[in-house]
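# Reading the structure
Residue-level listing of the chains:
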Amino acid sequence: MSNYGINTKCVQGGYTPGNGEPRQIPIIQSTTFKYDTSEDMGKLFDLEASGYFYTRLQNPTNDYVAAKIAELEGGSAAMLTSSGQAANFFALFNICECGSHIVASSSIYGGTFNLIAVTMAKMGIEVTFVSPDSTEEELHAAFKDNTRAMFGETIANPALTVLDIEKFAKVAHEHGVPLIVDNTFPTPVNCRPFEWGADIVTHATTKYMDGHGAAVGGAIVDSGKFDWMAHADKFPGLCTPDESYHGITYVEKFGNAGAFITKCTAQLMRDFGCIPSPQNSFILNLGLESLHVRMPRHVENGLAVAKFLKESDKVASVTYPGLEGDKYYELSKKYMPNGGCGVVSFELKGGRAAAEKFMKNLKLAAIETHVADARTCCLNPATSTHRQLTPKQLEEAGIPEGLVRMSCGIEDKNDLVADIAQALDAI
Ligand SMILES: *Cc1c(COP(=O)(O)O)cnc(C)c1O
């Protein structure tokens, strides 16, 4: 599939049926797989042969869909997880352990911020948060001897800052660590971080990839390009024998293309078990089949809504990276020439009270803890997704209390603008 365009990969990537086989990806709703001899099965346990034995580790339906996502991102290997949270945790924990340090953009999803700042801290993994606008010198200053990964979001949820992927990747590589990028918002249709130097990409497939608010899920994709052995002292888990797998050294056995995802499956999925159900992976694939058709409409509607809000005297500010004059307009043009996504943030004059009044009066846009759905939805981050953050942390993440995050769906843009207009009038 690698010679085909992204539109073709969305529709047909990952699964090529043989003669007489199902046209659609089959749902292999089976926990386990049958073998004729224990010797056959033993080879699978030793990672000597590839195949299936227990769905917690691998399942064909999940693998077909993971393979499609790997093709979309231009990666060497991918795996699915039960949620975006699991994907980000696994991507980091696959190379970090007690005593490690992470450099992360402060402008990230609230759940990921909490995961890194609170939960991973309890595991003895330290973090230094940096502004996405940091200069190269400021980024360098955040690194320590025990830094093992750098993390950021292409377009941050909900602050809508744009990551300067090339700059972050350059600094990470100078310190011998990979850059992990959460590419949930633009999706590979609008940005492919590997083309700009990122090493690992993660997704909350819950968002645009599924796109219909039907299945929570996540994905991790490896570019296959990071040279782990060149920094073997930092990554003993990949570069020295794994005693829980008969002394296999992942990089030696699976190469740079396969080591990261194989270790993540063999160790983290084995031990934590955050697998998606095959049924959910099937639903995710239905979303992927139209991702390239939906994303341009999300962008078109997001831009129309952003332009309308910009002209309203009830609106204090509008944030949409694709809107001319936005702080991240130039970066957005560079990394996402066809636009980023359908999510628009804006601050209403009158703060939290005005935001609540406005949202109550919307008819098409529903109040939901969700984004990136075919149906337009909105929320007030300070009282929902980010309510665990202190006022200072909210400020650092660029989230004023009166901010409304609106995720423009794929309805008629004129209907969305009219709905917003009447709700603004009601304030
Ligand atoms: C939603 C989201 C997540 C978490 O995904 P879940 O599937 O809800 O666990 C992670 N990163 C970003 C950017 C998100 O928008």
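Computed from a predicted structure; not experimentally measured. (Residues numbered from 1 in each chain as written. Predicted model: local features only at pLDDT ≥ 70, side-chain atom pairs only at ≥ 80, totals over all residues. Heavy atoms only, no water.)

### What to know about the layout of surface pockets
Applicable threshold: Using protein atoms alone on a 1 Å grid, points that fit a 1.4 Å probe yet trap it form a cavity, whereas open point sets bounded by protein on both sides within 12 Å along at least five of seven lines form a pocket; residues with an atom within 4 Å of a point count as lining. Grid points are joined across faces, edges and corners, and a volume is the space filled by probe spheres set on the points. In this classification, Asp, Glu, Lys and Arg are treated as charged, Ala, Val, Leu, Ile, Met, Phe, Trp, Tyr, Cys and Pro as nonpolar, and every other residue, Gly included, as polar.
The volume enclosed by the largest pocket comes to roughly 690 Å³. Forming the boundary of the largest pocket are 35 residues, of which Gln58, Asp63, Ile261, Thr262 and Thr265 lie nearest the centre. Broken down by class, the residue content of the lining of the largest pocket amounts to 21 nonpolar, 10 polar and 4 charged.

### Side note on the environment of Ser277
Put simply, the rule reads: For the purposes of this entry, the term helix denotes a DSSP run of H or I that reaches at least four residues, the term strand denotes a run of E that reaches at least two, and both are numbered from the N terminus.
If you trace the backbone, Ser277 turns up in the loop between helix H10 (250-272) and helix H11 (278-288). Measuring from C-alpha to C-alpha, the distance between Ser277 and Thr55 comes to 8.7 Å, with 222 residues separating the pair along the chain.

### Re the nonpolar core
Here is the rule we go by: We call a set of buried Ala, Val, Leu, Ile, Met, Phe, Trp, Tyr and Cys residues a nonpolar core when their side-chain atoms join them within 4.5 Å. Each residue gets one of three labels from its accessible area relative to the maximum for its type: buried under 20%, exposed over 50%, partly exposed in between, using a 1.4 Å probe on protein chains only. Throughout the structure description, domain borders are defined by an automatic or database domain assignment. The contact criterion used is simple: two residues touch if any of their non-hydrogen atoms lie within 4.5 Å.
With 97 residues, the main nonpolar core has Leu179, Ile220, Trp228 and Leu238 as its most contacted residues. In terms of residues, this core owes the most to one element, H10, which gives 9 residues. Taken domain by domain, the makeup of this core includes at least three residues from each of domain 1 (20-286) and domain 2 (294-425). Residues contacting Ile220, with those up to four places away along its chain left out, are Ala77, Ala78, Met79, Thr81, Ala87, Phe90, Ala91, Ile200, Val201, Phe260, Ile261 and Cys264. Counting residues in hydrophobic clusters, the runner-up holds 26 residues, among them Val299, Ala355, Met406 and Ala423.

### Quick notes on the site of the ligand
We count it as follows: Here, proximity means that at least one heavy atom of the residue falls within 4 Å of the molecule or strand. In the analysis that follows, any N or O atom pair within 3.5 Å is treated as a polar contact, provided that within protein one partner can donate a hydrogen and the other can accept it, and provided that, for residues neighboring in sequence, both atoms belong to side chains. Here the Shrake-Rupley method, with its probe set to 1.4 Å, supplies the accessible areas, and only the displayed protein chains count as covering residues.
Neighbouring the ligand are 16 residues; Gly84, Asn157, Asp182, Thr206 and Lys207 lie closest to it. Here an oxygen atom of the ligand and a backbone polar atom of Gln85 are 2.9 Å apart. Contact distances for the ligand include 2.6 Å between an oxygen atom and a side-chain N or O atom of Thr206. Out of a free accessible area of 380 Å², the ligand has 92% covered by protein chains. Here the shell around the ligand takes 3 residues from helix H4 (residues 84-93), the largest share from any one element. By residue class, the composition of the shell around the ligand is 4 nonpolar, 9 polar and 3 charged.

### A few points about the sheet that holds strand S6 (residues 200-204)
Formally: Whether two strands pair comes down to DSSP finding at least two bridges between them. Here, axes are lines fitted to C-alpha atoms. For helices the fit covers the stretch in contact, and angles between N-to-C directions go from 0 to 180 degrees.
The sheet built from 7 strands is open, its strands ordered S1-S7-S6-S5-S4-S2-S3 with mixed pairing. The open sheet terminates on both sides in strands that have one partner only, identified here as strand S1 (77-81) and strand S3 (126-130). When strand polarity is set aside, the average angle formed by the axes of neighbouring strands in this sheet is 20°. Pairing geometry for S1 and strand S7 (residues 218-222), over 5 bridges, is antiparallel.

### A look at helix H14 (residues 351-361)
In plain terms, the rule: The arc in question is the one spanned by the directions pointing from the helix axis to the C-beta atoms.
Along H14, the residues that are buried comprise Ala354, Ala355, Phe358 and Met359. Viewed end-on, H14 has its buried residues packed into an arc of 130°, placing them on one side of the element. The exposed residues of H14 that point more than 90 degrees off its buried face are Ala353 and Lys360. Those residues of H14 that are buried lie in contact with strand S9 (343-348), strand S10 (366-367), strand S11 (377-379), strand S12 (403-407) and helix H16 (413-425).

### Points about the side chain of Asp182
Under the convention used in this document: Just so you know, the count uses Lys and Arg for positive and Asp and Glu for negative, and it drops His and the chain ends. In what follows, salt bridge is the name for a side-chain nitrogen of Lys or Arg lying within 4 Å of a carboxyl oxygen of Asp or Glu.
Summarising the element assignment, Asp182 is placed in strand S5 (residues 179-182). Although Asp182 is buried, it forms no salt bridge, and the closest oppositely charged side chain is Lys207 at an N-O distance of 7.4 Å. Discounting chain neighbours no more than four positions away, the residues touching Asp182 are Asn88, Phe151, Gly152, Glu153, Thr154, Thr202 and His203.

### Regarding H4
Burial within H4 is extensive, with 8 of its 10 residues counted as buried. Among all positions in H4, only Gly84, Ala86, Ala87, Asn88, Phe89, Phe90, Ala91 and Leu92 are buried. The N-cap of H4, judged by a side-chain oxygen 3.4 Å from the amide nitrogen of Gln85 a few residues on, is Ser83.

### Re the pairing of strand S2 (residues 101-105)
Put simply, the test is: Note on handedness: a clockwise path from strand one over the helix to strand two, with the strands aimed away from the viewer, defines a right-handed crossover.
Extensive coverage of S2 is indicated by the burial of 5 of its 5 residues. Of the two faces of S2, the one holding His101, Val103 and Ser105 and the one holding Ile102 and Ala104 are both buried throughout. As defined by bridge partners, S2 adjoins S3 across 5 bridges and the pair is classed as parallel. For Ala104, the partnering residue across the bridge sits in S3 and is Phe129. One crossover worth recording links S2 to the parallel S3 by way of helix H5 (residues 110-122), and it is right-handed. Here S2 pairs with strand S4 (residues 147-153) via 4 bridges, running parallel. Following the sheet pairing, His101 is matched in S4 by Thr147.

### Comments concerning the environment of Phe45
Of note, Phe45 is situated in helix H2 (residues 38-45). With residues up to four places along the chain from it excluded, the contact list for Phe45 reads Phe53 and Tyr245.

### With respect to the domain arrangement of the protein chain
Often, the extent of an interface is quoted as the loss of accessible area upon association of its parts. Our working definition: Once two parts are joined, some of their accessible surface, as seen by a 1.4 Å probe, is lost; buried area is that loss totalled over both.
As far as domains go, the protein chain holds domain 1 (20-286) and domain 2 (294-425). Centre-to-centre, using C-alpha coordinates, domain 1 lies 29 Å away from domain 2. Roughly 3000 Å² of surface becomes buried between domain 1 and domain 2 when both sides are summed, with 62% attributable to carbon and sulfur atoms. Of all residues in domain 1, the largest losses of buried area upon contact with domain 2 belong to Leu160, Asn190 and Tyr208, amounting jointly to 25% of the total for that side. Taken together, the connections running from domain 1 to domain 2 amount to 2 salt bridges. Between Lys327 and Asp133 there is a salt bridge, and its shortest N-O distance comes to 2.7 Å.

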